[in-house]
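Listed here are the chains, written in short residue letters.
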Amino acid sequence: AVKGKSMHQFNHKNRLIETYSLILIDLISVTLAYLLALFLRFGNVRSVFYMDVHYSVWGYLMLFCVLYGVMTEWNRGFFTRGYMVELIAICKYDIVMSVAIGCFLFLVKIADDFSRLTFGYFSILNIIITYILHTLFKRYMLLFYKNSKSSDKVMIVTQEECVSQLLQRIQKDKAWNYQITAISVMDANLVGKEIDGIPVVANADTIFDVATQMILDEVFIYLPDASKTAIKEIIMDFEAMGITCHYNVEMEELDLAGKTAGKFAGFAVMTFSLQYLDYRRVFVKRAVDIVGALVGLLITAVLFPFIALAIKLDSRGPVLFGQIRIGKNGRRIHIYKFRSMYVDAEEQKRKLESQNEMNGPIFKIENDPRITRVGKFLRKTSLDELPQFYNVLRGDMSLVGTRPPTEDEFERYNIHYRRRLCITPGLTGMWQVHGRGKVTDFDEVMKYDLEYIDNWSLTLDFKILIQTIFVVLFHKGA
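Throughout, residues of each chain are indexed from 1 in the direction in which the sequence is written. The predicted origin of the model limits local features to residues at a pLDDT of at least 70 and limits the giving and counting of side-chain atom pairs to 80 or more, whereas totals for whole chains, interfaces and linings rest on all residues. Each side-chain value is derived from all of the structure's non-hydrogen atoms; neither hydrogens nor water enter the calculation.

**Describing the pattern of salt bridges**
Two side chains of opposite charge can pair, provided their charged atoms sit close to one another. In what follows, salt bridge is the name for a side-chain nitrogen of Lys or Arg lying within 4 Å of a carboxyl oxygen of Asp or Glu. Enumeration over the complete set of coordinates arrives at 14 salt bridges. A salt bridge links Arg-81 to Glu-86, with the shortest nitrogen-to-oxygen separation between them at 2.7 Å. With respect to class, Arg-81 is no different from Glu-86; both count as buried. Linking Arg-373 and Asp-314 is a salt bridge whose minimum nitrogen-to-oxygen distance equals 3.1 Å. Taken together, the positions of Arg-373 in helix 11 (residues 373-381) and Asp-314 in helix 9 (residues 279-314) put the pair 59 residues apart, joining distant regions of the chain. Relative accessibility decides the category of a residue: with a 1.4 Å probe and only protein chains considered, values under 20% of the type maximum give buried, values over 50% give exposed, and everything between is partly exposed. The exposure class of Arg-373 is exposed, given its relative accessible area of 64%. Counting from the N terminus, the helices are DSSP H or I runs at least four residues long and the strands are E runs at least two residues long.

**Concerning the nonpolar core**
To qualify as a nonpolar core, a set must consist of buried Ala, Val, Leu, Ile, Met, Phe, Trp, Tyr and Cys residues joined through side-chain atoms within 4.5 Å. Grouped together as the largest cluster of nonpolar side chains are 42 residues, with contacts concentrated most on Ile-311, Phe-338, Phe-442, Tyr-452 and Ile-464. Where this core is concerned, the elements lending two or more residues are helix 9, strand 10 (332-338), helix 11, helix 12 (389-394), strand 11 (398-400), helix 15 (430-434), helix 16 (442-454) and helix 17 (458-474). In terms of residue count, helix 16 provides more of this core than any other element does, seven residues in total. Once you skip the residues sitting within four places of it in the chain, Tyr-452 turns out to touch Lys-285, Val-400, Gly-401, Ile-423, Met-430, Leu-460, Asp-461 and Ile-464. Leu-27, Ile-101, Phe-119 and Leu-125 belong to the second-largest nonpolar core, a separate cluster that totals 25 residues. Note on contacts: a residue pair is in contact if any heavy atoms of the two residues lie within 4.5 Å.

**Considering the packing of aromatic side chains**
In this analysis, rings of Phe, Tyr and Trp, with Trp reduced to its six-membered ring, are considered paired at centre separations within 6.5 Å, and the interplanar angle assigns stacked below 30 degrees, edge-to-face beyond 60, and tilted for intermediate values. Summed over all chains, the structure comprises 20 aromatic pairs. Arranged with centres 6.3 Å apart and planes meeting at 80°, the rings of Tyr-34 and Phe-122 form a pair that is edge-to-face. Taken together, the residues Tyr-34 in helix 1 (residues 6-42) and Phe-122 in helix 5 (residues 116-145) connect sequence positions 88 residues apart. Centroid distance Tyr-413 to Tyr-417: 5.9 Å. Interplanar angle 65°. Geometry classified as edge-to-face. Of the two residues, Tyr-413 and Tyr-417, both sit in the buried class. Put simply, the rings of Phe-78, Phe-79, Phe-137, Tyr-145 and Trp-176 touch in pairs and so form one group of aromatic residues. Against the face of Phe-78 rests Lys-138, its NZ or CZ located 4.7 Å from the ring centre. Only lysine NZ and arginine CZ atoms are considered, and such an atom sits over a ring when it is within 6 Å of the ring centre and within 35 degrees of the ring normal. Of note, Lys-447 hangs over the ring of Tyr-448, and the distance from its end group to the ring centre comes to 4.9 Å.

Below is the structure:
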């Protein structure tokens, strides 16, 4: 279990995303305002870049923008401040920048070479452009990103008398990084009702059955009347699912692993999580995914005509096969593959259930009669997976992760199995390179998946990618 990092890292991650996103926006604002100021002063595009001093001043402005943003964190509380407070903050930032750069130009003796009118135009334009871009960014994050599949989906676990007041307080937080999507009322049966537009989906008897099957990243627990024993059991079950728990604390604490103190929606909470992913390495992983997906899609484009022709000549039906799979924390994703089965494969699957060679919620037959002749070759060489580079580019999948289950497999998951969904699914993974052709029990699949989740690193990803190449080339476990 991870100790002493989770809540601090979650808060630190979100704060840095806010800080550096706004610094980037401010740099764009400075550049646009500066170019417009030069154009207004000189009246044509050529003169904008005619003097070397123009490049120097632009560089100083950009440097000041970065240093001021990092050192003063003037955008802290960005999402909670109102429109007038925002304007005042931008005016203060703009005035400080204008004075600082003006003094600097005077000290380095290039102030006489630079147009004061240009500087005046810039100061006014920078306020206007920065304010517009800040407002658009804030509205996008609060209205669109928050409600997108990328934000963290949170369930509130609480008591009937606390729900309304709890939701009102959370609304004031104006968080962009999470969305309250469900409520579980533990001391009453309110399932089917909505409170402030949020559905009550479970009670004390059904909470884990429901949570196992829904999109869920985090849980906020507010149960002031519950015993420590009851709270501990709830947290441990959610941890077993790979779900992060924020437990509101008054004066009491629980002695559990993976516990850190922090804030959630303005509440003092203890956060419990068995999973810790360094966000900096996660960003690198995503960058590698994008590069790998672009390369993979290029290869797919080259091979597509030949594979498509072979599929069409072999059997009737579409070239590509689309299917709903279960992604990170229960999200539905639409994956694509080159069709390797006959068009009635799903109907035949029901007839073949008795021949399933795997124990647990997964279906596999060594000599599956649903697979076409070309399909056997595609699967043996893993060429059928090529279109999923599109899913990797979209962010639905990663190059390395756990394989996404089908919907019917997911419906059979228990709390233990659910934890394999706490990371983004991948094209390949530890199971594929170590035991895909040998494993006959889903618990063994879980062993490999949890080994990957608990020991994840960029080095491990690269190792699995290299092993995958050898597996594909030498047809081991395909």
